[in-house]
Amino acid sequence: MIVFACLITCIANQTMAQDSTSCAYTLSRDDIETSNLQNLEEALSILPIFHKYIKNRSPQISYGSLGIDNIAVFKDGFPAALDQNINYDFRSIPLWDIDRIEIHLTPVVGQVKNNAIVINLYSLKIPEQPIWTKLNLTNTSSSDFHGSFILGLSNLTHSGQVGISRSFTNDLYDDERLRSTSLGAFERYDLNLKYQYKILPSVTLNIQSDNAIVHTQNKGKIIPGTSRVRDHENDFNKHNICGSLQLKASKHHTLSLEGMVHHFKNNNTLIDKNLNSGQQNLSTHTNTHPNTGYNQGLIRLSLKSFNKPLEYSLGIDLSNTRDNTYQYIDAISTAYNDYTAYGILSYKLKNTLILHGGLRLFHNNLTGNFLLPQFQIELAPREVIQLNFTSNTSVSYAPFRQLFYPTNFNEGVRNNVLLNPIKQNAIHANVILKQKNLNAVSGLIFIAQSDIPRVDESNTFNSAGKASSFSTYASINIFNDIVSIKPSAMMHAINNTRDTVNLTFFYPELNLNTHIRIPNSKITIGLNAKYIGKHTNSFISNNTIYIAEQQKMRFLSLRIKRSFIKEKLKISFGINNILQTPFISNDIYRLTEINREFIDNERVISGYPRSFTFKVVYTNP
Amino acid sequence: MKKAVYIFLVFSITSCFTPDEYLPKIDSEKINISLNSTESPSTFIKLGFPTGTLSKEKSNWQLRFENTADEWGIYTNPTEPIRIFNTKINRYDLINLSSIDGNTIWEYDDVKSTNIKSAIGRWGDFDFPNPESYKDVYILNWTQDSQDYYYKFQILDADINTYHFKYGPLNETSFQIETINKQEVQLYSYFSLVNNEQAKTIEPNTNEWHIHFSYQVDSINKHTKIPYSSTSNSSLGLFPSFELNHEHVEIFLDTVMNFEQINYINSRNLTFEKSKNSIGLFYQKDPITSQLQSNSKQNLILRSDDEYYVIRALNIIGSSVGNHSVTFEIKKL
């Protein structure tokens, strides 16, 4: 793609040490509202570069050969979904308190080990008002409801914010005449807290806590000849608390101590119901979705220097990820620890060159030590045309179940606690054009992955897989006080089975985000669109290579918004997923020696069908 | 701010999970099965929605061999009184009519509560991957169309999926050697000693039936309360019975709950067991008129691949066990 939005804003608001050139795309608050996005999983459908569909009620999210568990997700600088190798439910990350979402391609950072691509969520700042409230209500023609209420208090020394929310998304049916849902209705309750204490002018304490309960009801089909059904219910509860203590040690130095505790449980239950007698009971049938739950503890100490021309960032990072459901499964271990030390240097040579370079040394108690270098060169950083080149090496862990869980959790395949982390070597180059009312960026990114878990001949996972992704992108951002138009185009190439057959598949992607304010009318019109062409991919199952060919996807949302009462009240009306077909076909082929053989035609879900949205936002003062 | 809170609370309850719809009770299914001991003594049913039935005509076979892996039972045709004498002699050629004398102990397949003890019994050592036959020679005797038949039979050996045996008329020196391969798709392989061939259309494939209604020869003294039809042997009766596809079906006999009360939720925690057969479960005699009656208090609950069914006999039409029809009520739970 990539739309290059507000680079300067990116820099100003970053809570992590990420370079400006890596910020490839920003989904603004207006974009989030135009597309009626309620949680991160929905946003990943709209966010450029990502490809998302739902198969067997499970979201499949990727960029090229990188699954979402290889892509870091942060909220206000803290991991939003643990190490992500644990099937985190991204519906539990709400967007009602999010100001913007940024995608960073190959950022030069210290703390993150899986930084080939990083998604950053930034929450709304606490306004410096004695008291303020924000009410947000959304109703849709699909009988969805999303409401949130935020109360903030501040006396400049102490600032606090409490946000509560309820979100309900209705079922999706393949056939409305049948009882069984393709996607069950789900309800989420959130309680998000933020507190900031300016202890001294140079010392600030920030604490925030996100809590969510997501309940999903997947309705089963009526068992022929009976009045009985078997429903699948899922309860995902997460609680995290994170805090940072920032000390401005000198004019150019900041010392930070950060910590986080994150806990979640993901419980699945099968319920047998007799719809004639009303009797219901927990099913004794084996649940194909096992319960899971993990805890993560994280502590960081970092020192940042903003001296010119040499800036640096040093730190250590300790993390522990632990299974809280099957603590004694397989009698080996269900936890791992990371100890990371990093140093990033940035040297600026007048206005012609900035060099970033860094090393991360991290030790994982299961797999040993890793040294991850990264390097970036920015040419003419303050000129109209800027050139950038980045190279970095990052890692992400194999899925937790493949490391620790027994065969019945892994479709009969044996775990391997010694699986190497998946390595990502990324190269990214781009050209940035900066004018008064126009930004443009064009570039290419190549990511080669190795040590991907594959099933070997002894039916055990081992680190043998290789894959690669390549994208070339171009985007423009034309903006003034009235209009903002951000079109972008990309061509992606994926090779998921580089270790076995060298099959590369291409697919195009187009995005358009536009907001137009009609002068003297208090009316704003927004448009978000995304198009993904026919998506072909290869994968390996039971040592056989398959090809999946998926139909194109189209997303188009429109919104018209009007302000009232001095911008306090905003009422908007929108249409979402105008061109969307909720179900698309996914043809599966088996690769033979001379050709490909058709195996199956699956129907997968690309998104929800068209709906009308009515939204009211009231802010006081 | 108060207004905002009220509005939030009011709107919060507007969209919710839809409650489950009420569904009318599904009527149970009724099927009719006719059994005739001389013409069509055998009906297979496949439980489902709807239940399928398959009636079979009487056929001529004497022995059936178990096909299930690791099971090596050899049984006689349950609709005929076939008696067996184990000579305990290995020399096939030495066995003839003179081997039968006053001390000969004949045995019939012995019906137990959930099983049948084969008259041939344990014919080898099964502690090996390939059973080792004791090579005992058995004498078989039965009457068919007023003619007495005497045959001798010897299991030679067996391997993982094959029976290998020798047989022939008792008073003749000629013999046949036959091999039967275990057919995984059927529970038993059937063999006719008289016709020198396997009978292949006796039983449908195992995934095509759950219950097999038929007859079973057994001692009259053992089942005093169950009606029967007489046989050529005055001490043996032909009892109505059924066999279960024990590879796919487990059962629980409920004599406490009413048929109407039995449902999935109270049945799924019952202790189900594997059973091969049962005699006279649904039958009784009116103590006054001695008429054949259904015993509708016997509710047989069956579990097959996480599907549950309950079956009972509603009524029986016909004056004799040898020729009657039964209406069964079947409910899928």
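Residues numbered from 1 in each chain as written. Chains lettered and ligands numbered in written order. Predicted model: local features only at pLDDT ≥ 70, side-chain atom pairs only at ≥ 80, totals over all residues. Heavy atoms only, no water.

Caption draft 1: Local environment of the overall build of chain A. Each helix and strand counted, chain A has four helices and 35 strands in total. A compact globule built from 621 residues would reach a C-alpha radius of gyration of about 25 Å, and chain A, at 24 Å, matches this within 12%. Counting only C-alpha atoms and orienting by the principal axes, one finds that chain A spans roughly 75 × 60 × 45 Å. Counting every position in chain A, which comprises 621 residues, the buried fraction comes to 57%. Put simply, of all contacts in chain A between residues at least 6 apart along the chain, 62% involve residues at least 24 apart. Accessible surface, chain A: about 25200 Å² in total, of which carbon and sulfur atoms supply 58%. The averaged location of the 48 negative side-chain charges in chain A is 7 Å from the averaged location of its 59 positive side-chain charges. (Helix = DSSP H or I, 4+ residues; strand = E, 2+ residues; numbered from the N terminus. Rg over C-alpha atoms; globule rule 2.2 N^0.38 Å. Buried < 20%, exposed > 50% of the residue type's maximum accessible area, 1.4 Å probe, protein only. Contact = heavy atoms within 4.5 Å. Areas by Shrake-Rupley, 256 points an atom, 1.4 Å probe, with all protein chains shown as cover. Lys, Arg positive; Asp, Glu negative; His and termini not counted. Charge placed at Lys NZ, Arg CZ, Asp CG, Glu CD.)

Caption draft 2: Molecular detail of the overall build of chain B. When helices and strands are counted, chain B shows two helices and 26 strands. A globule of 333 residues ought to have a C-alpha radius of gyration of about 20 Å, yet chain B, at 25 Å, is considerably larger. With the C-alpha coordinates aligned to their principal axes, the bounding extent of chain B is approximately 110 × 55 × 30 Å. In chain B, which comprises 333 residues, the proportion classed as buried is 52%. If you take every contact in chain B between residues at least 6 apart in sequence, the share linking residues at least 24 apart comes to 58%. For chain B, the accessible area works out to roughly 16300 Å², and carbon and sulfur atoms hold 49% of it. Looking at chain B, you have 30 positive and 41 negative side-chain charges, and the mean spots of the two groups are 7 Å apart.

Caption draft 3: Structural view of the sheet that holds strand β7 (residues 98-105) of chain A. All names here are of chain A. Strands sit in the order β1-β7-β8-β5-β6 across an open sheet of five strands; the sheet is mixed. Across the chains shown, the open sheet's two edge strands, defined by having one partner strand only, are β1 (23-28) and β6 (78-79). In this sheet, strand β8 (residues 117-123) lies alongside β7 in antiparallel orientation, the contact comprising seven bridges. In the strand pairing of β8, Ile101 is matched with Leu121. (Pairing = 2+ DSSP bridges.)

Caption draft 4: Just the interface of chain B and chain A, in detail. Each partner contributes residues to the interface: chain B has 29 residues there, and chain A has 43 residues. On the surface where chain B and chain A come into contact, there are four salt bridges. The shortest N-O distance in the salt bridge between B:Arg268 and A:Asp272 comes to 2.9 Å. At the boundary of chain B with chain A, the tally comes to 15 residue pairs in polar contact (both at pLDDT 80 or more). Contributions of two or more residues to the side of chain B that touches chain A are made by α1 (2-12) and α2 (264-267) of chain B. (Salt bridge = Lys/Arg side-chain N within 4 Å of Asp/Glu carboxyl O. Polar contact = N/O pair within 3.5 Å; in protein donor to acceptor, adjacent residues only side chain to side chain.)

Caption draft 5: Main features of the side chain of B:Ser294. All names here are of chain B. Tracing the backbone shows Ser294 in strand β23 (residues 292-294). Within the local environment of Ser294, its side chain forms a polar contact with the backbone oxygen of Leu314, the two atoms lying 2.8 Å apart. Setting aside residues up to four positions removed in sequence, Ser294 forms contacts with Phe282, Gln284, Ala313, Leu314, Asn315 and Ile316.

Caption draft 6: Geometry of the sheet that holds strand β5 (residues 74-76) of chain B. Residue and element names in this part refer to chain B. As summarised here, the arrangement of the four strands in space is β5-β4-β15-β16, forming an open sheet in which the pairing is antiparallel. Two strands close off the open sheet at either side, each with one partner strand: β5 and β16 (197-199). Across the sheet, the mean angle from the axis of one strand to that of its neighbour is 35°, orientation sign disregarded. Bridge count for strand β4 (residues 63-66) against strand β15 (residues 188-192) is four bridges, and the pairing is antiparallel. Looking at the pairing, Arg64 lines up with Tyr190 of β15. (Axes fitted to C-alpha atoms, helices over the stretch in contact; angles between N-to-C directions.)

Caption draft 7: Representation of the domain arrangement of chain B within the structure. Residues and elements named next belong to chain B. Splitting chain B by domain gives domain 1 (29-58 + 205-332) and domain 2 (63-199). Spacing between the C-alpha centres of domain 1 and domain 2 amounts to 28 Å. Taken together, the 26 residues of domain 1 in the interface contact 22 residues of domain 2. Across the interface of domain 1 and domain 2, roughly 2000 Å² is buried in total on both sides, 48% from carbon and sulfur atoms. Across the pair Glu80 and Lys58 runs a salt bridge, and its minimum N-O distance is 2.9 Å. The interface formed by domain 1 and domain 2 includes 11 residue pairs in polar contact (both at pLDDT 80 or more). Counting residues per element, the ones that place at least two in the side of domain 1 that touches domain 2 are β17 (211-219), β19 (236-244) and β21 (277-279). Tallied by class, residues from the side of domain 1 that touches domain 2 come to eight nonpolar, 11 polar and seven charged. (Domains from an automatic or database assignment. Buried area = accessible area lost by both parts, 1.4 Å probe. Nonpolar A, V, L, I, M, F, W, Y, C, P; charged D, E, K, R; others polar.)

Caption draft 8: Layout of the pairing of strand β26 (residues 323-332) of chain B. Residue and element names in this part refer to chain B. Counted residue by residue, β26 has nine buried out of 10 residues, so it is predominantly covered. Relative to β26, strand β1 (residues 29-36) is paired through eight bridges, and the arrangement is antiparallel. What sits directly across from Asn32, in β26, is Thr327. As paired strands, strand β25 (residues 307-320) and β26 are joined by nine bridges and run antiparallel to one another. Within β26, the residue paired with Ser320 across the bridge is Asn323.

Caption draft 9: Broad picture of the packing of aromatic side chains. The final tally for this structure, using the stated rule, is 48 aromatic pairs over all chains. With centroids separated by 5.6 Å and ring planes inclined at 70°, the aromatic side chains of A:Tyr589 and A:Phe598 adopt a geometry described as edge-to-face. The class for A:Tyr589 is buried, based on a relative accessible area of 13%. A centroid spacing of 4.5 Å and a plane angle of 25° characterise the contact between B:Phe213 and B:Phe328, whose relative ring orientation is stacked. (Phe/Tyr/Trp six-rings, centres within 6.5 Å; stacked < 30°, edge-to-face > 60°.)

Caption draft 10: Highlighting the environment of A:Val109. All names here are of chain A. Relative to the helices and strands, Val109 resides in the loop between β7 and β8. Here Val109 falls in the buried class, since its relative accessible area comes to 0%. Between the C-alpha atom of Val109 and that of Thr340, which follows or precedes it by 231 residues, the distance is 12 Å.

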